[in-house]
Amino acid sequence: MRALWQMLRKVSLTQWIFVGLLGGFLLGLLAPTAVPYVKPFRGLFLNGVKCIIAPLLFGTLVTGIAGSGSAKQLGRMGARAFIYFEIVTTLALGIGLIAVNLLQPGVGLSIGQGTGAQVQQATARISFGGFVEHLLPSNIVDPIAKGDVLQLVLFTSIFAVGVLAVGERARPVLAFCEALSEVMFRVTAYLMRLAPLGVGAAIAASVAEHGWKVIVPLLKLVGSLYMALFVFILLVLLPAARLFRVPLRRFYQAVKDPVVLAFATTSSESALPMALEHMERFGVPRRIGSFVLPMGYSFNLDGSTLYLAVASVFVAQAAKVELSVVQQLLMMGTLMLTTKGVAAVPRASLVVLSGTLTSFGLPLEGVALILGVDELMDMARTAVNLLGNCLATAVVARWEGIELPEGSFAEAAPPEAPSLAEALREPAAE
């Protein structure tokens with residue numbers, strides 16, 4: 001029995017997550033009646049992750065920005081991050097546009113008549129004025145309650161600049177935030193042990209609800225998206241990593257767990273705490289990682305942007321609407337603007353897609369055509385979103401002159417976090 005326990009302890013988190021994926025798929029396929037009993041564990045895990053986002057972001061951002069040295073350095077880092085974001089986002093749109101025109105996944109399909117309540121809810125339009133007004137919260141409790149990452153990041157950044165400006169008198173505030181960051185990273189380590197259970201429950205619920213055959217009519221669309229995302233990784237992210245001399249093997253080891261988690265849960269938020277911790281262990285200073293990574297959640301949605309390019313032209317093809325090159329380019333420009341700052345909106349890609357279709361006179365019923373496989377596509381685009389943002393932190397770190405160490409990522413891993421019972425038994429450090 002002890003030998004079995006020792007063997008199980010050697011199984012990595014990634015392996016446990018894949019076990020959860022397989023177990024959830026089989027449960028949803030073979031015993032769908034049992035799914036209602038395990039589905040709540042998905043909500044339990046995601047709720048646990050969401051509740052640590054606000055204190056983790058607040059602690060790491062204040063610590064990182066206040067420790068950046070000066071407001072000038074902070075502004076330079078932000079400018080470099082936004083330059084990288086815009087270049088990569090434009091390339092993602094271009095690859096999506098080329099892929100959907102070459103593969104033409106919408107040819108041969110037809111738009112259904114019923115839109116359903118979910119599509120009707122997606123008709124909300126996100127205007128430029130609404131986006132600007134949304135940048136800062138009316139009170140600090142609101143973004144914490146709603147999990148609005150963009151508002152949290154901007155308010156916390158202003159607060160951190162204030163701490164930086166006050167200087168020595170703000171030392172107690174900075175010390176508190178440093179301690180808060182360490183505590184939240186430890187809480188994250190505990191919470192991530194629930195990830196395989198949460199992932200398995202999420203997959204089981206999806207398979208039981210939709211069935212595996214749901215992808216058959218739209219298999220070409222799903223395949224086109226996955227192929228385009230693969231090309232994007234191969235032709236954009238990989239060359240960017242090589243250009244900035246990011247250690248590829250070590251980077252892969254650092255991001256594989258959070259990317260798998262994001263893929264399985266279709267939630268970038270669920271992987272944010274782990275991604276922050278892993279990028280710091282990878283060698284990215286906290287002042288960079290805690291600033292660039294959360295901002296990327298609103299301004300560097302590579303996977304979602306590419307998906308929107310594919311989905312919008314797919315709807316036009318299914319509706320037998322011919323779009324000229326100029327119209328498609330104009331649509332891509334609209335998507336580039338409307339994807340900024342909508343990460344906190346539930347089903348944000350669906351909202352943006354609906355608004356874009358309406359703007360260009362395309363039938364909103366096209367969204368109903370996509371809904372059946374949207375979760376399968378959401379897995380891929382969410383994983384690429386996270387991968388792109390992790391690479392962005394490494395690129396900005398290299399751009400700032402930080403040397404990223406070579407070697408195995410496991411060698412830099414901190415000692416394994418003790419169990420909760422062990423932590424409670426341990427005496428406080430002197």
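The structure this text deals with has already been given above.
The notes below deal with the structure included here.

1. Observations regarding the side chain of D302
So, step 1. The topology assignment puts D302 in helix α16 (residues 302-318).
So, step 2. Relative accessible area serves as the criterion here: at 0%, D302 is assigned to the buried category.
So, step 3. In this structure, D302 is in contact with V88, T89, A92, F232, L237, V384, N385 and G388, ignoring residues within four places of it in sequence.

2. Some remarks on a nonpolar patch on the surface
So, step 1. Taken together, the side chains of L136, I140, V141, I144, F155, I158, F159 and V173 make up a nonpolar region of the molecular surface, amounting to roughly 660 Å² of accessible area.
So, step 2. Contributions of two or more residues to the nonpolar patch are made by α8 (141-146) and α9 (149-166).
So, step 3. Considering every element that reaches the nonpolar patch, the biggest residue donor is α9, with three residues.

3. A closer look at the pattern of salt bridges
So, step 1. A complete count under the given rule lists five salt bridges for this structure.
So, step 2. For E280, the salt bridge goes to R286, with nearest N and O atoms at 3.0 Å.
So, step 3. Residue class for E280 comes out partly exposed when judged on its relative accessible area of 31%.
So, step 4. On the basis of relative accessibility, which here comes to 16%, the residue R286 falls in the buried class.
So, step 5. The closest approach of N and O atoms between R398 and E403, which form a salt bridge, is 3.9 Å.
So, step 6. Judged by relative accessible area, R398 falls into the buried class, the value being 10%.

The rules behind these values
- Residues numbered from 1 in each chain as written.
- Predicted model: local features only at pLDDT ≥ 70, side-chain atom pairs only at ≥ 80, totals over all residues.
- Heavy atoms only, no water.
- Helix = DSSP H or I, 4+ residues; strand = E, 2+ residues; numbered from the N terminus.
- Buried < 20%, exposed > 50% of the residue type's maximum accessible area, 1.4 Å probe, protein only.
- Contact = heavy atoms within 4.5 Å.
- Patch = residues over 30% accessible without salt bridge, like charges linked within 9 Å, V, L, I, M, F, W, Y side chains within 5 Å.
- Areas by Shrake-Rupley, 256 points an atom, 1.4 Å probe, with all protein chains shown as cover.
- Salt bridge = Lys/Arg side-chain N within 4 Å of Asp/Glu carboxyl O.

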